[in-house]
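Survey of secondary and tertiary structure
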Amino acid sequence: MEKPVVLIAEELSPATVEALGPDFDIRHTDGANRSDLLTALPEAHAVLVRSATQMDAEALKVATKLKVIARAGVGLDNVDIKAATAAGVMVVNAPTSNIVSAAELAVGHLLSLARHIPRAHASLATGEWKRSSFTGVELFEKTIGIVGLGRIGGLVAERLSGFGARLIGFDPYVQPARASQMGITLTTLEDLVKQSDFITIHIPKTPETTGMIGLEELRSAKPSLRIVNASRGGIIDEDALFQALSENWIAGAGIDVFTQEPPIGSPLLDLPNIVVTPHLGASTDEAQEKAGIAVAKSVRLALEGEMVPDAVNVAGGVIDSSVRPGISLMEKLGQVFAGLCPAAITSIEVEVRGEIAEHDVSVLKLAALKGVFSRMVSEQVSYVNAPLMAEARGMDVTLTTDEHSSDYRNVLTIKGVLSDGQIVSASATLTGSKQTQKLVGINGYELEVPLAAHHIVMMYEDRPGIVAVYGKAFGEANINIAGMQIARDTVAGQALSVLTVDSRVPDELLAEVGAAISATTMAPIDVVDL
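Our subject in this report is the structure included herewith. Along each chain, numbering runs from 1 in the same order as the chain's sequence is written. Only residues with pLDDT of 70 or above have their local features reported here, since the model is predicted, and side-chain atom pairs are shown and tallied only from 80 upward, although totals for entire chains, interfaces and linings are computed over all residues. Hydrogens are left out, water is left out, and the side-chain values use all remaining heavy atoms of the structure.

1. A short note on unusual backbone geometry
Geometrically, the link from E261 to P262 is a cis peptide bond, its omega value of 0° lying close to zero. Relative to the helices and strands, P262 resides in the loop between β11 (252-255) and β12 (274-276). In this model, H116 sits at a positive phi of 55°, which is unusual for a non-glycine residue. Strands here are runs of E lasting at least two residues and helices are runs of H or I lasting at least four, both read from the DSSP assignment and numbered beginning at the N terminus. Along the chain, H116 falls in the loop between α5 (99-115) and α6 (117-125). Three labels apply to residues, based on accessible area from a 1.4 Å probe with only protein chains included: buried if under 20% of the type maximum, exposed if over 50%, partly exposed otherwise in between. Taking relative accessible area as the criterion, H116 reaches 17% and is therefore assigned buried. Its identity is not glycine, yet S518 carries a phi of approximately 55°, on the positive side. Examined against the element boundaries, S518 turns out to sit in the loop between α17 (507-517) and β22 (521-526).

Following this line, the structure appears as structure tokens:
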């Protein structure tokens, strides 16, 4: 019997090949050479890449035997996940391979800023001896703000604890008790910026977090603030940062990630009070080796038909065909649920009702957690680390099943209890021959809304003229309402309105509309294919 062909398209650590073992026909090609790649792909059952190989629709079309694409790293910008999913090709990466490296780089930036290390080196290298020009500050007894308390933020906190600094943090999804275990006092983003002598950022880039640190925040900061972003480009507004640094609102910045990479022509590069690095978060020998070994193990599992924990698009393993369509739906439902939660989540119950409940649906619990945490953390979320994230945050997670469903053939539900006592729920189903994904319930209100990329959920007292108010506001802002459904508990009682819009509604406009209709909830819900 012929061995499966594993195509290594870029230079990987020798440990990667060792981890694959002797059971595969290992071949090599230059993935950056398009012709060579397309010639080699038709025989490949698996392909291992880094960042230079473009696995797009064209590549997938010729790779007729391909079962799995493995990215030896975290980012997946060079892999067309949607096309891979449509072709039935699993995509895996190494989501935790770089967390130590990323945390250590952030600490390195903090120390470089505090002691002017890069500038002092450059000065001395030119023959100058200007000790008095590079007088720095200590981290000891300073206030360090950590934005985002996931795996990387937690590792940063561990490392900074030895400096004798006071640690404060902002993360709306982390409970105070968990933050306290990390040695961190939770606060608001506004207070964190005002109090901190140093800030380090470790959050995902989402529509909500893009530009999170802007002019208003930087104006409120101490003149002594030194801020580091080794997370995602664009979380700090680069124009605002340039103004803050050039006008000495703050003392300095350390930036590893940029809105545009490479940041050609960025005025930030010319400033004396900034330390910049070319996206080095994962650039260590150890991280690269960990990534190679991790994806090699995933490739083995995928080609053996086993469950693949680090799969980003399909779970792998023995999953009944009737359950598989629910995986994508549950991931999206998790995003909807997370978007509805205004406070930290203390417990989650995943419910599966209907015919599919007669099968093993445990993968749907994993899919729900993956969807929830994709909105909450900066690191890549997978089927293996999502439960660990829940455990680290003290969340109680359960799965319940019932083969009876009264209204739909199958219904998936996520219910959660929040730290402030609120109970939040969201339900969805697949309908018709096209298996259309639909929201069918939010917080006990019955709906039937096709899932789209952008929704707005509003709760308000039902009274005449409300629809006209927000319809006019969104229309004047050139935001098209593609669909709308209103549910209510009683006449003139509480109404829940779900709008489907063609583009994301700015937070400022949401706040204005919420105030105009006296809404108790104004939640923007953005849903992506994970």
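Having put the structure on the table, let's press on.
2. Quick look at the packing of α5 against helix α7 (residues 151-161)
Lines fitted to the C-alpha atoms define the axes, with helices restricted to the stretch that makes contact. Angles between their N-to-C directions range from 0 to 180 degrees. In the contact formed by α5 and α7, the axes pass within 9 Å of each other and the chain directions differ by 50°. In terms of their interaxial angle, α5 and α7 are classed as oblique. Like other packed secondary-structure pairs, α5 and α7 cross with a definite hand, here right-handed. For the pair α5 and α7, the contacting residues are I99, V100, A102, A103, E104, A106, V107 and L110 in the first and R151, I152, L155, V156, R159 and L160 in the second. The labels follow the angle: roughly parallel below 35 degrees, roughly antiparallel above 145, roughly perpendicular from 65 to 115, and oblique for the rest. It is the rotation of the near helix from the far one that decides the hand of a crossing: anticlockwise by less than a right angle makes it left-handed, clockwise makes it right-handed. Note on contacts: a residue pair qualifies if any of its non-hydrogen atoms lie within 4.5 Å across the two residues.

3. Topic: the pattern of salt bridges
A pairing counts as a salt bridge when a side-chain nitrogen of Lys or Arg comes within 4 Å of a carboxyl oxygen of Asp or Glu. Across all of its chains, the model carries 22 salt bridges by this definition. Of the charged contacts, one joins D197 and K222 as a salt bridge, the two residues approaching to 3.2 Å between their closest N and O atoms. Note that D197 is positioned in the loop between α9 (189-195) and β9 (198-201) and K222 in the loop between α10 (215-219) and β10 (226-229), a separation of 25 residues in sequence. Taking the relative accessible area as the measure of exposure, D197 reaches 11% and is therefore buried.

4. Structural notes on the packing of helix α16 (residues 466-476) against α17
Where α16 contacts α17, the axes come no closer than 10 Å and their chain directions differ by 160°. On the basis of their axis angle, the class for α16 and α17 is roughly antiparallel. The hand of the α16/α17 crossing is right-handed. Contact residues: α16 offers I466, V469, Y470, A473 and F474, while α17 offers L509, L510, V513, A516 and I517. Gly counts as polar in this scheme, as do all residues outside two lists: the nonpolar Ala, Val, Leu, Ile, Met, Phe, Trp, Tyr, Cys and Pro, and the charged Asp, Glu, Lys and Arg. Of the residues in the contact of α16 with α17, the class split is ten nonpolar, no polar and no charged.

5. Quick look at the sheet that holds strand β1 (residues 5-8)
The rule for pairing is simple: two strands pair if DSSP sees at least two bridges between them. One open sheet holds the five strands; their spatial order is β2-β1-β3-β4-β5, and the pairing between them is parallel. Of all strands in the sheet, those bounded by a partner on one side alone are β2 (25-28) and β5 (90-92). If you compare each strand with its neighbour and ignore which way they point, the axes differ by 20° on average. Strand contacts of helix α12 (residues 285-303): β1, β3 (46-49), β4 (68-71) and β5, with the helix running at about 170° to β4, the strand carrying the most contacts.

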